[in-house]
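So you can see what is in the structure, the chains are spelled out below.
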Amino acid sequence: MGRQKGADEVFCTSCGAAIKKEAEICPECGVRNENATGRRSSPTPTETTVSDSWWYGVAICTGLWVLVLLTASVELPGVLDSLFGLVTITAWVGLPLSAYFDIKYVSSRSQWRPNAALWVIGLLVWFVNIVLGAVYLYRRHEVLGEP
């Protein structure tokens, strides 16, 4: 049947062939060896039509929420009050929308797979959305090395 594996070998999880521990791909079946002890390469980016610029929307809308929070108790004159309402609606719609599309980009470029539904729902909640926006941007920076 199959040969015995050596001390520096493992069995392929797909076809069962004995392969080197460092091998990233099984030479028999071509399946990636998830247990490779050698150099780990970053995942190959997949094709996506989503722009890498959606994080700007997350950052700007999180900043708008901070502005809304800081000025919520201030009495504003008529025109500024209307403008303040427009800023609030923009932040409320823009933050989860920007995060949703940025999550698609991040998922295609890293091993982090954020749950889009949970992030979007959390970013719709007043007060929580400011913290979650900052946490999302920080986590995005950790996995992509980009802002």
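Above this text is the structure in question.
Residues numbered from 1 in each chain as written. Predicted model: local features only at pLDDT ≥ 70, side-chain atom pairs only at ≥ 80, totals over all residues. Heavy atoms only, no water.

Comments concerning the overall build of the protein
Counting secondary structure elements, the protein contains 4 helices and 2 strands. Order of helices (α) and strands (β) in the protein, N terminus to C terminus: β-β-α-α-α-α. The burial tally for the protein puts 33% of its 147 residues in the buried class. Of the contacts made within the protein by residues no fewer than 6 positions apart, 48% connect residues no fewer than 24 positions apart. Accessible area for the protein stands at about 9,400 Å²; split by element, carbon and sulfur atoms hold 62% of it. (Helix = DSSP H or I, 4+ residues; strand = E, 2+ residues; numbered from the N terminus. Buried < 20%, exposed > 50% of the residue type's maximum accessible area, 1.4 Å probe, protein only. Contact = heavy atoms within 4.5 Å. Areas by Shrake-Rupley, 256 points an atom, 1.4 Å probe, with all protein chains shown as cover.)

A word on the pattern of salt bridges
For the structure shown, the criterion picks out 3 salt bridges. Measuring nitrogen to oxygen at the nearest pair gives 2.9 Å for the salt bridge that ties K20 to D8. Of this pair, K20 sits in strand β2 (residues 18–20) while D8 sits in the segment before β1 (9–11), and the two are 12 residues apart along the sequence. Accessibility expressed as a relative area gives 41% for K20, which makes it partly exposed. Across the pair R140 and D102 runs a salt bridge, and its minimum N-O distance is 2.7 Å. On the criterion of sequence distance, the pair formed by R140 in helix α4 (residues 128–144) and D102 in helix α2 (residues 78–109) is long-range, its members being 38 residues apart. (Salt bridge = Lys/Arg side-chain N within 4 Å of Asp/Glu carboxyl O.)

Details of the nonpolar core
Ranked by internal contacts, the top residues of the largest apolar core, which has 22 residues, are V58, W65, L95 and Y136. Contributing elements (two or more residues each) for this core: α1 (54–71), α2, α3 (116–123) and α4. If you tally residues by element for this core, the top one is α2, at 7 residues. Among residues more than four places away in sequence, those in contact with L95 are V58, C61, T62, W65, T90, L123 and N129. Formed by 5 residues, the second largest nonpolar core is a distinct cluster that contains V10, A17, I19 and C26. (Core = buried A, V, L, I, M, F, W, Y, C linked by side-chain atoms within 4.5 Å.)

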